[in-house]
Each structure stands twice: as C-alpha cells, then as structure tokens.
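Next come the chains, spelled out residue by residue.
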Amino acid sequence: MNVTSPSTAANNLVSQGTFSWATTKTSAEINLGTLANNGGPTQTLALLNGSAAIATGNATISNAAPVNGLDQRGVTRSSTAPSIGAYEAAAPTPTPTPTPTPTPTPTPTPTPTPTPAPTAPLITGTPTPPSSSGASTVNLYDAVTGQPTGTAVPFPGYEGPVKVASGDFNNDGVAELVAGAGFGGGPAIAILNSQTGEVMQSFFAFDQAFTGGVFVAVQDTNGDGILDIIASAGPGGGPEVRIFNGANLNVLRSFFAYAEDFTGGVSVASIDFNNDGILDLVTGAGPGGAPHVKVYDGATNAIISQWYAYPVTFTGGVFVAVGDIGNDSTFEVVTGAGAGGAPVVAVWDPFTGTLLAEFYAYAEDFTGGVRVGVNDGNGDGTADIITGAGPGGGPHVKAFSFPALDLLFSFYSGDPANTGGVFVS
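So, how was this worked out
Residues numbered from 1 in each chain as written. Predicted model: local features only at pLDDT ≥ 70, side-chain atom pairs only at ≥ 80, totals over all residues. Heavy atoms only, no water. Pairing = 2+ DSSP bridges. Helix = DSSP H or I, 4+ residues; strand = E, 2+ residues; numbered from the N terminus. Core = buried A, V, L, I, M, F, W, Y, C linked by side-chain atoms within 4.5 Å. Buried < 20%, exposed > 50% of the residue type's maximum accessible area, 1.4 Å probe, protein only. Contact = heavy atoms within 4.5 Å. Axes fitted to C-alpha atoms, helices over the stretch in contact; angles between N-to-C directions. Salt bridge = Lys/Arg side-chain N within 4 Å of Asp/Glu carboxyl O. Phe/Tyr/Trp six-rings, centres within 6.5 Å; stacked < 30°, edge-to-face > 60°.

Caption draft 1: Fine view of the pairing of strand β23 (residues 355–360). The pairing of strand β22 (residues 344–348) with β23 spans 5 bridges and is antiparallel. Opposite A346, over in β23, you have E358 as the bridge partner. From the end of β22 to the start of β23, which pair antiparallel, there are 6 residues, and G353 there has a positive phi angle of about 75 degrees.

Caption draft 2: Expanded view of the nonpolar core. Counting residues in each nonpolar core, the largest one holds 33 residues, and the members touching the most others are V241, L281, V334, V345 and I385. Dropping the residues within four chain positions of it, V334 is found in contact with F319, V320, A321, I325, V345, A346, V347, V372, V374 and I385. Core analysis: the next-biggest nonpolar cluster, separate from the first, contains 19 residues, V282, W307, V320 and V322 among them.

Caption draft 3: Structural detail: the sheet that holds strand β11 (residues 199–204). An order of β8-β9-β10-β11 is seen for the 4 strands of this open sheet, with the pairing classed as antiparallel. Each edge of the open sheet carries a strand with a single partner, namely β8 (162–167) and β11. Adjacent strand axes in the sheet meet at a mean angle of 20 degrees, parallel and antiparallel pairs treated alike. Direction of pairing for strand β10 (residues 188–192) relative to β11: antiparallel, over a ladder of 5 bridges. Pairing of I191 across the sheet is with Q201, part of β11.

Caption draft 4: Representation of the pattern of salt bridges in the model. For the structure shown, the criterion picks out 1 salt bridge. Across the pair E240 and R242 runs a salt bridge, and its minimum N-O distance is 2.9 Å. Given a relative accessible area of 14%, E240 falls into the buried group. Residue classification places R242 among the partly exposed residues on the basis of a relative accessible area of 24%.

Caption draft 5: Representation of the packing of aromatic side chains within the structure. Enumeration according to the criterion identifies 12 aromatic pairs in this entry. Measuring from centroid to centroid gives 6.1 Å for F273 and F351, while their planes differ by 80 degrees, and the two rings are edge-to-face. Residue F273 is located in the loop between β16 (266–271) and β17 (280–285), and its partner F351 is located in the loop between β22 and β23; the two are separated by 78 residues in the primary sequence. A centroid spacing of 6.4 Å and a plane angle of 80 degrees characterise the contact between Y362 and F366, whose relative ring orientation is edge-to-face. F366 shares its class with Y362; the two are buried. Chaining the aromatic ring pairs together yields one cluster made of F215, F319 and F423.

Set out below in structure tokens:
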C-alpha cells in the first residue's frame with residue numbers, strides 16, 4: 001500500500017473512513033475470508049467470490065520489483081489485472097472447449113467397444129470389484145504388441161487401489177514393476193518381475209500402521225546408475241516425500257512438500273527439468289487442501305515454481321505427471337483433478353506455471369477424478385498423456401496426443417463393470 005500518493009487510490013481499499021490514498025468499500029464488497037493457511041510461509045486472507053480487490057491491482061507495480069509478479073504465498077499474479085493485497089485470487093473454474101471423441105458415462109456399460117489397445121508398454125493398477133473376493137492386481141502388457149500378457153498380485157489379501165511405476169532396477173534390459181498400496185492399505189511398496197509377476201522385494205515406505213497408502217515414482221536420483229524409489233504418503237498422512245536408494249533401500253532424502261500438519265497426503269513425479277544431472281520433483285497436494293502444485297529443484301530443494309492447478313476452493317486433491325509430451329524438447333507437467341470435480345486434465349509450463357492446455361478426459365459430469373501419466377502409449381516414439389478414470393467409473397484408460405489432444409486409444413483395464421477406478425503409468 002502506498003499512502004503517500006493520491007494517484008494510487010484506485011488500488012488501495014479501506015472499509016471505514018475516507019482517505020486520499022484509498023477507495024472506500026464496504027466489508028461485504030471487499031469480501032475477505034478468515035486468516036488461514038492458504039499456502040506459502042504465512043497465513044493470508046483469501047479474496048472470496050466477487051471481492052472488489054480481485055483484478056483491481058496495479059499491474060505496473062505488481063510486475064516490478066520487489067513484488068516480481070508473486071503474491072505473499074509465491075503464487076504467480078496476473079500480469080495484466082492482479083488482485084490487491086497479499087492473496088492473488090484463483091482463476092475461474094476451467095471450462096475447456098475441446099470436441100473429443102465420445103466419452104463413457106460414470107458407470108460404463110459392461111460391453112464397450114473401445115479403440116485398439118496400445119502398442120507400447122503400459123502398466124495399470126486396478127482394485128478388486130466390490131462383488132468379488134481376492135487381491136488387487138497389476139495388469140501387464142506386452143512391450144511389442146501392447147496385448148495383455150497377465151496379471152500380478154503385489155499385495156496378497158489387499159483389495160484396494162494400487163499405484164504403479166516401472167524401471168530397470170537390475171540393469172538386465174527388462175523393466176521391473178514398482179507397486180504401491182493405495183488408500184486402505186499400509187504404505188507397502190513391492191518390486192515385481194514384469195515378465196513373471198513375481199515379487200522380488202518389498203518394504204514399508206512409512207510407519208507400517210499408516211493406512212493411507214503411498215504414491216510411487218522411480219528415477220536415478222543420485223547418479224549411481226541404479227534407479228531409486230520416490231515415495232509419498234497418501235491421504236491421512238503428512239505430505240512427506242521420501243527417496244529410497246535403489247541399491248540398498250536406505251533413505252537418501254526426506255522432506256515435507258506442504259505444511260507438516262496437512263493430512264491430505266501428496267502425489268509425486270520426477271524428471272531433470274534444469275539439466276543439472278539431478279532429478280527434480282513435482283508434487284500435488286492431496287484431498288482436503290487446495291490443488292497446490294510445486295516444482296522442486298532436486299539439488300537445493302528450492303521451489304522452482306508453484307501454482308494452483310484448479311480453483312483454490314477445490315479440495316479433491318490433484319494428481320501429477322511429467323514428461324516431454326509431444327517430443328518438442330521441452331518438459332511439461334500434467335495434472336488430473338481428484339474426486340469431487342469434473343475430470344479435467346491440464347498441461348502446464350513447469351518453470352512459470354502457465355496453463356498450456358486443458359480438456360475433459362471423460363464425461364464432464366463424471367466426478368470420480370482422473371489419474372494421469374506420461375507414456376509413449378502407441379509406440380510411435382512420442383510421449384503421450386495417459387489417463388485413468390477414478391472411483392465411480394470403470395477402469396477406463398485413454399491416451400491423448402499433445403498439443404492436438406487427439407484421442408489415440410481407449411480400452412478398459414479389466415472388467416468394465418468394476419467401478420473402483422484405475423491408476424496408470
């Protein structure tokens with residue numbers, strides 16, 4: 001606030017009194033939320049719907065030092081119409097306008113006619129149907145034909161969702177599978193032989209008593225030529241990320257991606273964004289918090305960028321993936337909205353948080369959320385966006401090109417009538 005120059009009156013608001021340096025508005029017109037943890041290092045007052053402070057700041061001042069286009073939380077301000085105060089108002093609810101091929105209803109019919117299955121390696125994790133007994137499975141697909149070759153059971157007796165990743169841990173030229181138990185299971189991680197489904201090794205990433213599950217990713221984070229396992233706590237736990245040495249499963253690094261008292265968990269993905277030879281991390285806040293995405297420098301743990309993938313009022317959580325989709329020699333972050341909102345997938349510039357594209361992966365009225373991955377789904381040498389329907393829909397997997405967002409393939413990973421959803425990698 002500049003109280004020395006009357007010329008800034010339009011960009012300063014007060015609720016009581018008359019001052020040359022401010023515009024008087026009622027408290028209802030300013031419409032502030034209560035002091036709360038809205039992200040960032042300190043608490044802030046959120047600007048609620050219709051606030052007179054939204055989009056009425058001075059762009060010239062906001063874009064220059066010391067503001068540098070960021071609010072108090074580190075969220076990027078609008079470069080043309082910033083909000084007044086410490087809190088940059090969230091963007092409106094996304095309203096993508098693509099014209100995709102027909103999408104399934106939230107509960108697909110049991111006899112779909114999907115487009116051809118993928119012709120490149122793909123992994124899906126599917127819970128058991130509610131009417132069945134047994135354990136959740138990881139579905140295996142042939143690396144050449146894309147046809148299903150069988151299933152693996154990473155956690156006997158566990159019937160909940162399974163998170164999946166893959167990588168060659170023993171450098172034999174064959175990728176192994178990494179599975180993480182989902183919500184309702186302990187934070188168990190299993191490494192499986194991708195050809196036989198045999199469990200080669202397993203361990204608990206967090207306290208065995210924790211039942212929120214675990215997200216998994218794999219990358220060589222320490223440059224020793226052996227893949228390491230990146231694990232993050234699921235809903236019900238703190239937003240902790242741990243990196244385990246692939247050679248001995250010792251913890252290489254551990255940190256909290258968000259406030260330690262946040263109990264929604266955190267999703268995670270990794271890649272070397274800045275080409276320094278050290279893997280960087282992308283995190284997405286879990287259910288119960290705003291859909292906050294952060295990009296961390298792997299060398300310093302400094303935040304490279306951060307933004308809200310969806311309206312700040314959406315608390316269903318956000319799934320993240322990363323890769324060079326479209327093979328344009330630049331990396332992109334892909335987000336999928338969690339349960340409770342429309343199945344919106346968005347693509348972002350990881351350095352600026354700029355929205356590059358967004359679309360509905362499934363029917364707009366489906367509210368089970370959408371899980372995301374980056375994979376060369378059709379074997380043409382180009383990485384694509386892979387999506388999996390969340391709970392309430394069948395295990396429907398799709399792949400979309402970028403930037404055209406054309407539907408490349410679509411299939412059901414298991415029984416279409418199983419409405420437990422599916423994770424993809």
